[in-house]
Every structure is written in structure tokens, then in C-alpha cells.
Amino acid sequence: MQCRERVCAANWFTRLRRTLREVLQLLNGDTAYARYLAHWRATHAGEGTPLSRAEFFASETARRWNGVRRCC
Amino acid sequence: MSQQSPMNGPRHSPASILLWLAISVLGAGAFGGIALHRGETINSFWFIIAAACVYAIGYRFYSLFIATRILHLDGTRATPAERLADGRDFVPTHRWVVFGHHFAAIAGPGPLIGPTLAAQFGYLPGTLWILLGGVLGGCVQDFIVLFCSLRRNGRSLGQMARDELGPLGGLAAMLGVVTISLILIAVLGLVVVNAMKHSPWATFTVAATIPIAFFMGFWMRVLRPGQVLEATVIGIALLLLSVAGGGWIDGILSLRVWFDYDAPTLALMIIAYGFMAAVLPVWMLLAPRDYLSTFMKVGTIAALAVAILLLRPEIRMPAVTQFIDGTGPIFSGKLFPFVFITIACGAISGFHALISSGTTPKLLMNESDARMIGYGAMMMESFVAVMAMIAATVLEPGVYFAINSPAGVVGAEAAQAVATISSWGFPVTVEQMELLAREMGEATLFARTGGAPSLAVGMAHIFSMVSSRELLSLWYHFAIMFEALFILTTLDAGTRVSRFVLQDFLGNAVPALGRTSWYPSVLFTSALVVAAWGYLLYMGTIDPLGGINSMWPLFGIANQMLAAIALCVVTTILVKAGKTRHVWVTALPLCWLLIVTTTAAFQKLFNPAPRIGFLAHARDLADKLAAQALPPELAAQAPRLIFNDRLNAGLTLLLMCLAWILVIDMVRVCLRHWRGAVVAASSEAPYVRSAHAMP
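No experiment lies behind these values; they were computed from the predicted model shown.

Procedures and definitions
- Residues numbered from 1 in each chain as written.
- Chains lettered and ligands numbered in written order.
- Predicted model: local features only at pLDDT ≥ 70, side-chain atom pairs only at ≥ 80, totals over all residues.
- Heavy atoms only, no water.
- Buried < 20%, exposed > 50% of the residue type's maximum accessible area, 1.4 Å probe, protein only.
- Helix = DSSP H or I, 4+ residues; strand = E, 2+ residues; numbered from the N terminus.
- Lys, Arg positive; Asp, Glu negative; His and termini not counted.
- Salt bridge = Lys/Arg side-chain N within 4 Å of Asp/Glu carboxyl O.
- Contact = heavy atoms within 4.5 Å.
- pLDDT = per-residue confidence, 0-100.
- Axes fitted to C-alpha atoms, helices over the stretch in contact; angles between N-to-C directions.
- Parallel < 35°, antiparallel > 145°, perpendicular 65-115°, else oblique.
- Left-handed = near helix turned anticlockwise from the far one by under 90°.
- Nonpolar A, V, L, I, M, F, W, Y, C, P; charged D, E, K, R; others polar.
- Disulfide = S-S within 2.5 Å.
- Buried area = accessible area lost by both parts, 1.4 Å probe.
- Polar contact = N/O pair within 3.5 Å; in protein donor to acceptor, adjacent residues only side chain to side chain.
- Expected span 1.5 Å × (residues − 1).
- Patch = residues over 30% accessible without salt bridge, like charges linked within 9 Å, V, L, I, M, F, W, Y side chains within 5 Å.
- Areas by Shrake-Rupley, 256 points an atom, 1.4 Å probe, with all protein chains shown as cover.
- Charge placed at Lys NZ, Arg CZ, Asp CG, Glu CD.
- Core = buried A, V, L, I, M, F, W, Y, C linked by side-chain atoms within 4.5 Å.

Section: helix α5 (residues 110-118) of chain B
- Of all 9 residues that make up α5(B), 9 are buried, and the element is covered over most of its length.
- Those residues of α5(B) not exposed but buried are B:G110, B:P111, B:L112, B:I113, B:G114, B:P115, B:T116, B:L117 and B:A118.

So, the side chain of B:K579
Residue and element names in this part refer to chain B.
- Among the structural elements, K579 can be located in the loop between α25 (547-576) and α26 (584-606).
- Despite its burial, K579 pairs with no opposite charge; the closest candidate is E684, at 10 Å N-O.
- Beyond its immediate chain neighbours, meaning those up to four positions away, K579 contacts R69, I70, H72 and L574.

Topic: the confidence of the model for chain B
Residue and element names in this part refer to chain B.
- Mean pLDDT over chain B works out to 90, with 98% of the residues at or above the 70 mark.
- Helix α23 (residues 511-514) is the least confidently modelled element of chain B, averaging 79 in pLDDT, while helix α6 (residues 123-151) averages 96, the highest of any element.
- Across residues 1-9 the pLDDT falls below 50, and counting only partners more than four positions away or on other chains, this stretch makes 5 contacts in the model.
- As a predicted assembly, this complex carries a pTM of 0.91 together with an ipTM value of 0.79.

Structural notes on the packing of helix α9 (residues 200-223) of chain B against helix α22 (residues 472-507) of chain B
Residues and elements named next belong to chain B.
- Across the interface, α9 lies against α22 with an axial gap of 9 Å and an inter-helix angle of 45°. Put simply, α9 runs oblique to α22. As for the relative orientation of α9 and α22, their crossing is right-handed in sense. Across the interface between the two elements, W201, A202, T205, V206 and T209 of α9 pack against S473, L474, H477, I480, M481, A484, L485 and L488 of α22.
- Looking at the contact of α9 with α22, its residues break down into 9 nonpolar, 4 polar and no charged.

Observations concerning the state of the cysteines
Residue and element names in this part refer to chain B.
- Under the defined criterion, the tally for this structure stands at 0 disulfides over all chains.
- The thiol sulfur of C657 is not disulfide-bonded, and the nearest other cysteine sulfur, from C568, lies at 15 Å.
- With relative accessibility at 40%, the residue C657 sits in the partly exposed group.

Remarks on the interface of chain A and chain B
- Taken together, the contacts link 26 residues of chain A with 46 residues of chain B.
- Summing both sides of the interface, chain A and chain B together bury roughly 2900 Å²; the carbon and sulfur share of this comes to 61%.
- Connecting chain A to chain B are 1 salt bridge.
- At the junction of chain A with chain B, the criterion picks out 4 residue pairs in polar contact (both at pLDDT 80 or more).
- Only α2 (12-27), α3 (30-44) and α4 (53-64) of chain A provide two or more residues apiece to the side of chain A that touches chain B.
- Among the elements that take part in the side of chain A that touches chain B, α4(A) stands out by supplying 10 residues, more than any other.
- Its residues assigned to classes, the side of chain A that touches chain B shows 11 nonpolar, 7 polar and 8 charged.

Regarding the environment of B:V663
All names here are of chain B.
- Its location among the elements puts V663 in helix α28 (residues 632-674).
- You can call V663 buried: its relative accessible area is 8%.
- Taking C-alpha positions, V663 is 27 Å from G114, a pair spaced 549 residues apart along the chain.
- Every residue in contact with V663, bar those within four places of it in the chain, is listed here: C568 and L594.

A look at the pattern of salt bridges
- Applying the stated criterion across every chain yields a total of 18 salt bridges over all chains.
- The salt bridge partner of B:D250 is B:R256, with a shortest N-O separation of 3.0 Å.
- You can call B:D250 buried: its relative accessible area is 16%.
- In this structure, a network of salt bridges that share partners links the residues A:E60, A:R63, A:R64 and B:D89.

Quick look at α2(A)
- The terminal C-alpha atoms of α2(A), which comprises 16 residues, lie 22 Å apart, in line with the 22 Å expected from a rise of 1.5 Å per residue.
- Among the residues trailing α2(A), A:G29 stands out with phi positive, at a value near 85°.

Points about a positive patch on the surface
Residue and element names in this part refer to chain A.
- Together, R15, R17, R18 and R21 give the surface a local cluster of positive charge.
- Structurally, R18 can be placed in helix α2.
- By relative accessible area, which is 34% here, R18 ends up partly exposed.

Focus on the nonpolar core
Residue and element names in this part refer to chain B.
- Judged by nonpolar contacts, the single largest core of 223 residues is most densely connected at I66, L71, I270, L445 and W533.
- The element that contributes the greatest number of residues to this core is α25, accounting for 20 residues.
- Beyond its immediate chain neighbours, meaning those up to four positions away, L445 contacts A402, I403, M433, L436, A437, M440, V457 and Y476.
- Listed in part, the 9 residues of the second largest apolar core include M539, I542, L621 and L630.

A few points about the packing of α25(B) against α26(B)
All names here are of chain B.
- Where α25 contacts α26, the two axes come as close as 9 Å, and the packing angle between them is 150°. One finds that α25 runs roughly antiparallel with respect to α26. Viewed along their axes, α25 and α26 form a crossing whose handedness is left-handed. Across the interface between the two elements, N549, P553, I557, Q560, M561, A563, A564, L567, C568, V570, T571 and L574 of α25 pack against V585, T586, A587, P589, L590, L593, L594, V596, T597, A600, A601 and K604 of α26.
- Residue classes in the contact of α25 with α26 are distributed as 18 nonpolar, 5 polar and 1 charged.

Printed below as a string of C-alpha cells:
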């Protein structure tokens, strides 16, 4: 991955902070919801409203437990 | 990973050659040390070195060989996540995130329990099987199944089995899933019951996980949707409080009595819990508990790894004990084949093939990630098993056997038990065990079979080396809680999976039952599933030989039979893809598994020793019952125990036949292909160039 001048110049601490923030967003579900909204706008724009955050996670939870999910 | 054309090989710099030579020598040396050491103790650091070297070499050479020469992993090919992206199931995800998901899904209590039980043979056989079976068998299975599913738009193992081996293949996979789930849940339930029996502290701590999970579920659903991290942090804090709270309750007689139960009563409570967890909506109990157990599991295992690396405790168990002759107290049976089926999830496990063909293939962004995720995640699981082996073998052997041997084998009285165990050459005294029990905050540690309590004692010892000895009881109950937490999650998840399969199956006859959201159907099928494993669990608590003896080998056989089925499927795929020259990578593990499971099944069916053979045990009980030679409580239970033995024998026979029918089917398909006859075409999705591939 090529890095642009300004990004490369940022020291390791800033990059670490950025990575930590991304990880936290991931674990908190922000990334998943943002990705859903982006996908919805790209493919279903104009077909009504996307699911609210609560509705989205409700359906995600149900979908995630449909099938073989955890092992021995 | 750089795009190397298969034409040129990877460049071998002299430095790289020297490095891998050094790693090989180090690994061989560590292995040799472990195998040939005959002193009093051996340092656990050699295990870590041997494991690290084996994994490094296996990943760097063997998985690369499979990836490039056999599977031809193509980084320019668009994955299903890219082609079929729908924002829900098919979502291109960063490799490390997928690794996390996949590892969390495959990592269960299996690699912690199996090695602990197998330590009865000494540390060597189990460790060798974990390392070699993992690198040559389990990792290969997970990797190739993941790849095959990836190329088929994420088709499940059952579907692939149907495609390659016919409808019987699909049925066998489905039946395998249900059988494994039911037996596993019963065994795991028994492990938890044995940890909680007559232990108010443990019972309170485990019971407290239920309201904590409810609260977390409420938090993530209503208060702060999707905020998994927040809810988990709160949950973990509450869990730690409950561990401490259990200790406080244990000291107050009037409160203590509310949490003090015997094994059969606890079994009934677990059954009631299992039903409740299965019929409530997932977000209430199952999902939050899953998050909690995943984070706890990863954190605790990581802490254990760090602790072992820093402290390098001494292993006190001998390399090989006399019990390889089949007279072992924890489970009966000779070294071959029983060590290989006792350690399933840590070496090779068919259930992993289901996970590898589940959501994981739908998340991969790039084909080349499959190597790291399929092979690598199983390697990590294998490493968890190594650490469990270390934690089990740092105990004094006498203590290990005192904790893990059922009363029916060593005697119900403490003095009797220590006399028996000392007579085997593993000295232990009543005072030693009483002191240990007091240190751990338990009334007694005798006959707490199933592996969890002895693992907890081992972990408590290791953790207490970095903290004060006063905290031993807290560490012990923390370890019990951590294992019980994800055992109960497996229980919840497994019941749901079996319920889905059952609803699917019954839906063919009665369509209303097949509707997964119709509540009467949910209640009915859940009740059936819970009744099935509940029966096995209850039988396990009253079995005088200890339910672990009969059920854990059954679980191992079932699991590895499913692995054999998965390997049959991928072997057929490889042969049909023209890879006959390299098919030994899957065919050799398959042959080994068939030999091991068939021998084990034969022994469990026909061995004349009542402790080993199910039918022999039934006959022995029936004879004694007829001769009125049984004590009254046992005489009352005897008919049920006899029926249970016959049921277990029936299950073993069924699994055996199913696996062999599929093997014959596989051979038939392969022979047809080699003779040039027409076989079903490959179900691989056609090549589409990835938008992210470099031009």
C-alpha cells in the first residue's frame, strides 16, 4: 500500500490512535451500520428509508444466529 | 502477500534458508527433549518452543505448498464477497477481522477439556497428537474446506457433500451435526455440573452469568443498539464482581445453603436453563452471552499464554504413564486409538469444517486470505490445546488423578481414593487434597471429573505465581466461571442448531413445524432437543463409572467421523479437479481418521471389558441385577443405565455405518472419474477478475 506524504509523515502514535479508533468503531458496531447505510444508498436509494440503528442491529443479531455459528 | 507467479518459485535468500534451518533444528531439539526426557520434571518452555517451531514450519512450508501447488490460490480472482456483496451476508471484510470472527467461532471448550483428559496417558502422546494432528490434519481440513466453499459462493459442507457424494452425503453431514451437538452438550453440561456440585461459590458465580447476560442483552437491544464493546465491558466488570461475591456468599451459612446442590439436581437445573435459553429470542440471552464468552475466552487464554511464557512452570506429569495399557481411571481404553479421539478439537475436528463453510467464506476479501484464516486459526486453536495440556500437567500427578478420577473407580472415601492413587505410583495424601480444597475455596476437590476443575486448579496455580497466594480461590473460581461461561454458550448455540435441523427435517412431513418463527413449533422442537441431551446429561450424573468415560469418547468418535466426511468431500473435489497426484494431503489424514475411529467404535461396541465396551457394560449390569448383587440405589438405576448403554452402542454403530457408506461412495466417484466415465461437473463458480487486482 503506497502512503501519501502527509500520512507517512504522521508519527506512529497518531497511526496507533487511528487504528485503535477504527477497532473501537468496529467493535461498537459503528462500522457495520455505516457500511449498511452506504450500501443501502448505493443500491436501494429512493425505495423508502433504511433501517434505523436499533432495527439494523436487531435484524443482524437474528441473522447471525441462523445456522451453525459456534463450535465445540 | 506478494503476487508470485507459479512459474517462478519464491526467492530463497541464504538468510531465509539459514533461518528456517535454525527453526527446524530448534524445533527438533525441543521435540527430542520432550520425548526423551526422563527426569523428575520438564520445563513447559520446551513445549512452547516445540509448538512454535512446528507451527512456523507448517505454516511457512506446508500451507504454502497446499496453497500454491494444489489449490492455486489466486489473488486476482473476485471472491463471492466482492461479486455478491449484499451488505448483509456477503461483505468483503479485512482479513484480521475475519480471522477474529473465524477463530472465535471455532474456539470452544473442546481444546481445553480433551488435552486435560488425555493427560492421563502422560504429557507426550497428547502433545504429539495436538501438534502433528493439527498441522497435518486439522489445519489442512479447515483450510481446504474453506477454499472449496469459497470457490462455490460459500456453499455449506452439507450442500457440498450432497453435490459431491450424493443425497446421502448431505444427510450424513446433517445427522453428524445433530449427533455431535447432542452428545457434546450433554458432556459439557456434565463438566459444568461436576464443577458446581456441592460448591456454593461456583454455583453462584455460574448462575450470576444469567442475569448479567440478560442485562447486556437489554443494553445492546434497547438502550444502546449495537454498542457491543460497552455492554461487554460492563458485563465483564459484573462477572468479576460475581466471582468475588461468590466468595462472600460462601462464607455466610444462611446464604450458602441456597447454592449447595448435588449433581443430579444441578443437571435438572441446567436442563431447565437450556430450554429457557433455546426458546427465548437470541438477543436476550444467547447473543450477549456469546459476546461475553468470546472476549473472556480470548483475554483469559492470552493471559494464560503470557503467564506460561513469563513463568515457565515445571511439568510434573511423566511423559508416559502406565495407563496407556487401557486401565486409565479417567477414561478407559488403550493409548491407540483413544488418545486420538479424546483430543478432537485441538487436533482435528469435523465441526470446524461446518464453521469453515459457514459465514467465513462469505467475508473473504481476497482468496489469498484463506490460507491465513483457514490454516492459521486452527493453528491457534491447536496452541490453545497445548496450553491446556501444560496447565493440566503442572499439577502433581497424584493431585491430577485425585481430582479427575470418578468415585466409582478410586473409591468414594478420601482415604480410599488416595490409597488407590498412591498405589498406582502417584503419591498423594488426604491432607494435601484438603489443603488444596481450602486454598481453592471448595469443600472438596475429589471426583470433580470432566477436566474443568483440574484445569482451573492448574490455571490458578499459574496465575497465583504472579499474584499473592491469598488470591488462589479467586483465580480458581474465575477459571471455573470462564470455562462455564463458554460451555453454557456452546450449550445454547448447539441447542439452537439442532432445533433448526430438527425443524427443517420435520417440516418435510408437517410444514407448520418447519416454520422457524412459529412459536409452538419452536417450543415443541426445543423441548425434544433439550430432552435428548438432558437425558444423556442426567444419565451421566448417576453413572457410577462417571459419565465422562462413556460420553467423551462418543463425542470424539462422532466429531472425527464428521471430519472424515469433510475430508471425503474435499478429496473427491480434488480428484475431480485433476489433482490426484497431490490428493494424499487429504487422503492420508482421512485414512488415519478412519482407522482411529473405526477401531475406537469397535472397541466401544465389542470390547469385553465393561469399562470400555458399551454392550459388555450393559451385560455386566444386567447379570449383576439378575443375581441381585447390586446396592439398592444402583439396582434402581440399573435398567436406565442398561438402556443408555445400548443407546450409546446404537449411536456408535450408526455413525460408523454412515461414515463408511460415504467413503465407499467417494471411492466409487473417484474410480469413475479415473476411468474417464462421466461424473457430475464441478460446482465451482467461474473465474471473474477482481476489481482490486493489479492489472
